[in-house]
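Reading the structure
Residue-level listing of the chains:
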2 protein chains.
Amino acid sequence: VSLEKYSIGVDLGGTNLRIAAYAGGTEFLESIAVPTRMAEGRDAVVDDMASAIRRFRETYSASASLAGVGIGTPGPLELPIGRLRKLPNFPGWDGFNLREAIESRIGMSVFLAKDANLAAFAESKLGQGKALGIDSMYMLTLGTGVGNGIVLDGKIFDGMSGMAGEGGHATVWPNGPRCGCGNHGCVEVFASATGVQRMARELIAGGNAPGLTTLADSKPAFSARDVADLASSGDSGARRVFENVGEALGITLAAMIDILNLPLYVIGGGMTNAWDLFSPRLFAELESRSYVYFLNNGNIDTSGYRSRMTHVVPAQLGSEAGLLGACLLPLVEAPA
Amino acid sequence: VSLEKYSIGVDLGGTNLRIAAYAGGTEFLESIAVPTRMAEGRDAVVDDMASAIRRFRETYSASASLAGVGIGTPGPLELPIGRLRKLPNFPGWDGFNLREAIESRIGMSVFLAKDANLAAFAESKLGQGKALGIDSMYMLTLGTGVGNGIVLDGKIFDGMSGMAGEGGHATVWPNGPRCGCGNHGCVEVFASATGVQRMARELIAGGNAPGLTTLADSKPAFSARDVADLASSGDSGARRVFENVGEALGITLAAMIDILNLPLYVIGGGMTNAWDLFSPRLFAELESRSYVYFLNNGNIDTSGYRSRMTHVVPAQLGSEAGLLGACLLPLVEAPA
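Residues numbered from 1 in each chain as written. Chains lettered and ligands numbered in written order. Predicted model: local features only at pLDDT ≥ 70, side-chain atom pairs only at ≥ 80, totals over all residues. Heavy atoms only, no water.

**Here we look at the relation of the copies chain A and chain B**
The transformation that overlays chain A on chain B combines an axial shift of 0.0 Å with a rotation of 180 degrees, and the residual RMSD is 0.0 Å. As the rotation angle and translation indicate, the two copies are arranged about a two-fold axis. Taken as a fraction of all interface residues of chain A, those also at the interface in chain B reach 100%, which identifies the copy contact as same-surface. (Least-squares fit on C-alpha atoms with pLDDT ≥ 70 in both. Contact = heavy atoms within 4.5 Å.)

**Here's the deal with the interface of chain A and chain B**
Counting from both sides, the interface comprises 61 residues of chain A and, opposite them, 61 residues of chain B. Surface buried jointly by chain A and chain B totals about 4,900 Å² across both partners, of which 59% is contributed by carbon and sulfur atoms. For the chain A face of the interface with chain B, the top three residues by lost area are Met160, Ile259 and Tyr291 of chain A, together amounting to 17%. There are 18 residue pairs in polar contact (both at pLDDT 80 or more) connecting chain A and chain B. (Buried area = accessible area lost by both parts, 1.4 Å probe. Polar contact = N/O pair within 3.5 Å; in protein donor to acceptor, adjacent residues only side chain to side chain.)

**Overview of the side chain of Thr272 of chain B**
Residue and element names in this part refer to chain B. Within the secondary structure, Thr272 is located in the loop between strand 11 (264-268) and helix 10 (275-289). Side-chain polar atoms of Thr272 contact the backbone oxygen of Gly268, separated by 3.2 Å. Ignoring sequence-local partners within four residues, the contact set of Thr272 consists of Ile267, Pro314 and Ala315. (Helix = DSSP H or I, 4+ residues; strand = E, 2+ residues; numbered from the N terminus.)

**Remarks on the environment of Asn183 of chain B**
With respect to the helices, strands and loops of the structure, Asn183 of chain B is situated in the loop between strand 10 (155-156) and helix 5 (188-191). Expressed as a C-alpha distance, the spacing of Asn183 of chain B and Ala216 of chain B, which sit 33 residues apart in the sequence, is 28 Å. Among the polar contacts listed, one links the side chain of Asn183 of chain B to the side chain of Arg289 of chain A, at a separation of 2.9 Å. At 3.2 Å, the side chain of Asn183 of chain B forms a polar contact with the backbone oxygen of His169 of chain B.

**Examining the packing of helix 7 (residues 210-218) of chain A against helix 8 (residues 224-232) of chain A**
All names here are of chain A. Their axes nearest at 11 Å, the elements helix 7 and helix 8 cross at an angle of 140 degrees. Looking at the two axes, helix 7 sits oblique to helix 8. Relative to helix 8, the crossing made by helix 7 is right-handed. Within the contact between the two elements, helix 7 uses Gly211, Leu212 and Leu215 and helix 8 uses Asp226, Val227 and Leu230. In the contact of helix 7 with helix 8, the residues fall into four nonpolar, one polar and one charged. (Axes fitted to C-alpha atoms, helices over the stretch in contact; angles between N-to-C directions. Parallel < 35°, antiparallel > 145°, perpendicular 65-115°, else oblique. Left-handed = near helix turned anticlockwise from the far one by under 90°. Nonpolar A, V, L, I, M, F, W, Y, C, P; charged D, E, K, R; others polar.)

**What to know about unusual backbone geometry**
Of the consecutive residues Gly75 of chain B and Pro76 of chain B, the connecting peptide bond is found in the cis state with omega at 0 degrees. Looking at the element boundaries, Pro76 of chain B is found in the loop between strand 4 (65-73) and strand 5 (77-78). The omega angle of the peptide bond from Leu79 of chain B to Pro80 of chain B is 0 degrees, so this bond is cis rather than trans. Structurally, the position occupied by Pro80 of chain B is in the loop between strand 5 and strand 6 (83-84). Here the phi dihedral of Asn261 of chain A falls at roughly 50 degrees; this positive angle occurs in a residue that is not glycine. Its location among the elements puts Asn261 of chain A in the loop between helix 9 (236-260) and strand 11 (264-268). On the basis of relative accessible area, Asn261 of chain A is assigned to the buried category, the value being 0%. Non-glycine residue Asp153 of chain B carries a positive phi angle of around 50 degrees. Positionally, Asp153 of chain B belongs in the loop between strand 9 (146-152) and strand 10. (Buried < 20%, exposed > 50% of the residue type's maximum accessible area, 1.4 Å probe, protein only.)

Following this line, the structure appears as structure tokens:
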């Protein structure tokens, strides 16, 4: 392959470290995943990141020029300094300056961003944003937790110190269950895989969900996916769990439509598979709660001028959106 | 007075139409208020706006050049087209193109914006934003309803169609009282003057608020200000009302701090007078609910790098902030 420019992307996860080289299109030139050596401490993990970056550089530098290195990490990440803060699954990393650690090892500056922001960035450039011709969006990524990324006019919105996009912790039920973040009743305790498991267990404990009880008896460590499969087969208890997911998403998205009036809201992450289960309730909440959604999407035009639509859609890119975003960032942002 | 440049600002309210000429500093050259002739229909009101603008132009055009005309209206306002949509107190105006109506009368283009956006713009340029040296902010204006304006990097954030900044209708209690907007439990039903009156009446009906009951007996049409005065004198029922105001504001601002990570959040409007009554609970909610507030404002630094503060403060400008913003907009935005 003859390449003019390529980039290297890194996705630092609590379980896996993923590294990719990328040169356009939506296909990686090469991507690898190695376990994150969390037990050996942060220096070992950063050594692994640096040596993978070096190896990719050696492989591709003969045939192409490196536009830059993009690195995604869980949030909160303080920018521009590049310091990690109180990451739930990274004990001992609070206050660690990842930018300094990685740049000193590889001898060049890197592009750093929160992983959910990079997923939104990729979805904007190569997913729904591209498909709809829209470059501003609000994205929620439903996984173990709920991530959030905002793209305005084609750029990641970082806020004043890199911490924008923690909408997974916006409150939906003020007296709801406690979240690991310290808040009660935030989006994450309802719309994450963990939330689905918790709500299923609560229904089982209530004694009125025979389908879920049978599931738990046969598979005590059932997953959110198992609950979704049960819901798809028509089980009323499992369906109620996803109603709650849709309700929580609808409450928070109604507010964000009223406040930001963006053209595009995207739901991504592993739970996107359950879109058909939670989205009817999500849209019902938008219609009853969001003035701006109603004005833009209702057919109430009286003078020949059609309001612009608010799009609320599932993500097109899958689980590698964050890694793809890490690759795209240097290509889009690096000076030519 | 010798003036180089001046602007004309108009604030279209349901009760009054206010017009001002402005040439810098924070003082108006001249400002007038006339009743909004709502009963005579929208053409009469726009005629009044146009003739006032014309009169101001004639007065000042000899000594200065007009930078432009800024007009503030209640929301929702569709931009850039300039069409009003379903304004609560403007029967018969839904779908009315205010831009076209005013521009054809005065023979020049105007700057149009939602009034709460203009209040935020003024507060950014001449109020707390100026005092703190910060040019991005989220503002809630507590009046009869709750207005919202967002300024990013010194510019009003309009969203895709001018409807951004309806954060007064973000949900805080999903099963709360119904709002005129159609939603249940939004910020406005708790943090507006109307909300204060409603909550006071509910406590009276509950039979356990002797101070409020005495107030209502002596003054059946008591105001939010009356409730505030009673709370300031130590009455526990009245104090509880403002606890609820602070709780609702804290729940919604915690989310907006986590989502936008802005440096400045401002509470303005007539209810700002009650800041001491509602703000302790507001800050308690921020501390327990907002991860980003805690990380930025908590003193948990471990490595010598101090996070940047999130400022949450009362507005400096009073009830003329919206009119001032209408005057400022042409001066800031007009091409030189």
